[in-house]
Amino acid sequence: MKNYIKIKSRNFGFYYGRNKVLSNIDIDIEEKTITAIIGPSGCGKSTFLRSFNRMNDLLLNTSIEGDVTIDGVNIYKRENDVVELRKRVGMVFQRPNPFPKSIYDNIAYGPLLHKRYKKQEMDMIVENSLKKAALWNEVKHKLVSNALELSGGQQQRLCIARVLAVNSEIILMDEPASALDPISTQKIEDLIDELRHSYTIVIVTHNMQQAARVSQKTAFLLTEEIGQPATLIEYGDTKNIFTKPNDSRTENYITGRFG
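Fair warning: this is a prediction, and the values are worked out from it, not measured in the lab.

Calculation notes
Residues numbered from 1 in each chain as written. Predicted model: local features only at pLDDT ≥ 70, side-chain atom pairs only at ≥ 80, totals over all residues. Heavy atoms only, no water. Helix = DSSP H or I, 4+ residues; strand = E, 2+ residues; numbered from the N terminus. Buried < 20%, exposed > 50% of the residue type's maximum accessible area, 1.4 Å probe, protein only. Phe/Tyr/Trp six-rings, centres within 6.5 Å; stacked < 30°, edge-to-face > 60°. Polar contact = N/O pair within 3.5 Å; in protein donor to acceptor, adjacent residues only side chain to side chain. Pairing = 2+ DSSP bridges.

A short note on unusual backbone geometry
Although it is not a glycine, aspartate 71 sits at a positive phi angle of roughly 55°. Mapped onto the elements, aspartate 71 comes out in the loop between β4 (62–70) and β5 (73–74). Although it is not a glycine, alanine 134 adopts a positive phi angle of roughly 55°. Inspection of the secondary structure assignment puts alanine 134 in the loop between α4 (119–132) and α5 (136–139). The partly exposed category is assigned to alanine 134, whose relative accessible area is 46%.

So, in structure tokens, the structure goes:
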């Protein structure tokens, strides 16, 4: 049985001004699957990731071509509500970015933007979100403490909990463990693996071992010549990409011959 396709891009291209950085990318991302995007630095991995919740719209003088659909709806149509899109498609960045507020208020911030809640309802959202992010037992006795007092790994899990608090369906992660120590990285990877049963996750990583460990699907982007846009070289099951890729360029990158 074929898995449901949650995100689809067709002939997708992206421009910074007149500079085309992505070209002709076709990809089908399956629901409740972890998809890793790999490729050399500067090949547009993060730009492609941010196209799924239109975060690139916040940059000046950018444009796209082609389509990106979520659940069959083109997210770049003018009538689409970008605020609602970013609620459905949450983002976790490379470095933890908690608000300079209490742990509780960090989680409550997103839900309260969309709706008024009774205190008891909000308490439950905070607790459930922190439990899903595997952080509740570490912080339940200090919810009023400033989130900036948490360790780096705890801050990153807090940022994941913030995404979960607004009932996101898709979680985008841009190198979420690259600034963390090995123990914190392991906790993040374990959490990602747990979350995939309920969420569609797309992760950009420069760490080949991490991509092989956490993902079920892998997409390899590559800029073949300086000044040319990146294209999708290969996309498929992670096991196949890492053990028997169809394209020699994929094999060369994964084995460290370039990049």
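A word on the packing of aromatic side chains
Under the criterion given, the structure shown has six aromatic pairs. Both rings, one in phenylalanine 48 and one in phenylalanine 52, keep their centres 4.9 Å apart while their planes meet at 65°; by these two values the pair is edge-to-face. Each member of the pair, phenylalanine 48 as well as phenylalanine 52, carries the same accessibility label: buried. In textbook terms, an aromatic cluster arises when at least three aromatic residues are bridged by ring pairs, as seen for Phe12, Phe48, Phe52 and Tyr76.

Some details on the environment of asparagine 74
On the secondary structure map, asparagine 74 appears in strand β5. By relative accessible area, which is 15% here, asparagine 74 ends up buried. Separated by 174 residues in sequence, asparagine 74 and serine 248 place their C-alpha atoms 33 Å apart. At a separation of 3.1 Å, a polar atom in the side chain of asparagine 74 contacts the side chain of aspartate 67.

Observations concerning the sheet that holds strand β2 (residues 19–30)
Paired through their backbone hydrogen bonds, the strands of a sheet run either parallel or antiparallel. Spatial ordering of the open sheet is given by β2-β1-β4-β5, a layout of four strands whose pairing is antiparallel. Looking at which strands have only one partner, the edges of the open sheet turn out to be β2 and β5. One ladder, built from eight bridges, connects strand β1 (residues 5–16) with β2; its direction is antiparallel. If you follow serine 9 over to β2, its bridge partner there is isoleucine 27.

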